[in-house]
Amino acid sequence: MDAAPNHPYHPPTASIPSYVANESSVLRLVVTFGVMVGVVTGLAYWQTAQSPLRLRPMDKFAVVWFALCYYLYNRASIPQLQTVFGQLWKEYTLSDSRYLTLDVFTVCIETITVFAWGPLSWLTYFAVLTNSPYRHINQVIVCTAHLYGVALYYSTSLSESVSFSRPEFLYYWVYFIGLNAPWVVVPLVFLYDSYNQTAKAFRALQLQEAERKAQ
């Protein structure tokens, strides 16, 4: 008879020897996280209100979004962490245990995220606030990376012969599908905006060039 797993994750055969159950309830973790997100969102939006630029609603949303693009690291010690972020991550990984087993894909994609897309998100955040000419270049790169990462994240999980998510509605549909969906929808919105703004800029440039030649 097989021994019962020492953790609540799927598949039950996953090796997570250092796992320690969370000390805080899910409600407490969600409320704490909500407060932190509210503070970050509030500060980011406050900065848009203080900007001397006439920012569009889309620009204000972009500032808030890129300010919230936080990425986690130190995965090797997460199973026993009792910090707020550690416990939140252990709760989320009930939908994808690969983050606790140091799966090669998740380690690689999150490492790239931490060292490349995280800093570039912050650069985009400041580029929006300062109306930098590099804003849409940065935005297109980051949003494309988000879409590519989510596509790989879903496809590599769904193509496996075993499920890394617990089957309950909360863990699969709310955590696995729902919490990652914004990284599909929002980047598409920003890519569409960058497409329009870039085309608008080039049309204006072409018009100026045509007027100059006509003189």
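Treat the numbers as computed from the prediction; the structure is a model and nothing was measured.

1. So, the pattern of salt bridges
No. 1: Enumeration according to the criterion identifies 6 salt bridges in this entry.
No. 2: Put simply, Asp59 and Arg56 hold a salt bridge, and the shortest N to O gap is 2.9 Å.
No. 3: Arg56 gets classed as partly exposed once you look at its relative accessible area, which sits at 28%.
No. 4: Put simply, Glu209 and Arg212 hold a salt bridge, and the shortest N to O gap is 2.5 Å.

2. Brief notes about the UniProt feature "transmembrane region" (unreviewed entry) in the chain
No. 1: What UniProt calls "transmembrane region" (unreviewed entry) maps, in this numbering, to residues 26–46, 58–73, 104–128, 140–158 and 170–192.
No. 2: Here residues 104–128 is 100% helix and 0% strand, with 34 Å between the C-alpha atoms at its ends.
No. 3: Counting secondary structure, residues 140–158 comes out at 100% helix and 0% strand; the distance between its end C-alpha atoms is 27 Å.

3. Structural notes on the nonpolar core
No. 1: Ala44, Val63, Trp65, Phe66, Tyr125 and Phe190 are the most contacted members of the largest nonpolar core, which has 18 residues in total.
No. 2: Elements supplying a minimum of two residues to this core: α1 (26–50), α2 (57–67), α4 (104–130), α5 (135–158) and α7 (182–214).
No. 3: No other element matches the 6 residues that α2 contributes to this core.
No. 4: Within the second largest apolar cluster, 16 residues are counted, among which are Tyr9, Leu100, Phe105 and Tyr171.

4. Notes on the packing of aromatic side chains
No. 1: For the structure shown, the criterion picks out 18 aromatic pairs.
No. 2: A ring pair is formed by Trp89 and Tyr99, whose centres lie 4.9 Å apart and whose planes are at 70°; its orientation type is edge-to-face. Here Trp89, found in helix α3 (residues 84–92), pairs with Tyr99, found in the loop between α3 and α4; they are 10 residues apart in sequence, far enough to count as distant. Both residues of the pair, Trp89 and Tyr99, count as buried.
No. 3: Aromatic ring contacts, followed pair by pair, group Trp89, Tyr92, Tyr99, Tyr153, Tyr154, Tyr171, Tyr172, Trp173, Tyr175 and Phe176 into a single cluster.

5. Details of the layout of surface pockets
No. 1: Looking at the second largest pocket, its volume works out to about 460 Å³.
No. 2: Together, 17 residues line the second largest pocket, and Asn131, Ser132, Arg135, His136 and Gln197 are the ones closest to its centre.
No. 3: At 5 residues, the largest contribution of residues to the lining of the second largest pocket is made by α7.

The rules behind these values
- Residues numbered from 1 in each chain as written.
- Predicted model: local features only at pLDDT ≥ 70, side-chain atom pairs only at ≥ 80, totals over all residues.
- Heavy atoms only, no water.
- Salt bridge = Lys/Arg side-chain N within 4 Å of Asp/Glu carboxyl O.
- Buried < 20%, exposed > 50% of the residue type's maximum accessible area, 1.4 Å probe, protein only.
- UniProt positions renumbered as here; feature names shortened; annotations may be inferred.
- Helix = DSSP H or I, 4+ residues; strand = E, 2+ residues; numbered from the N terminus.
- Core = buried A, V, L, I, M, F, W, Y, C linked by side-chain atoms within 4.5 Å.
- Phe/Tyr/Trp six-rings, centres within 6.5 Å; stacked < 30°, edge-to-face > 60°.
- 1 Å grid on protein atoms, 1.4 Å probe; cavity = no way out; pocket = protein on both sides within 12 Å on 5 of 7 lines; lining within 4 Å.
- Points joined across faces, edges and corners; volume = space filled by probe spheres on them.

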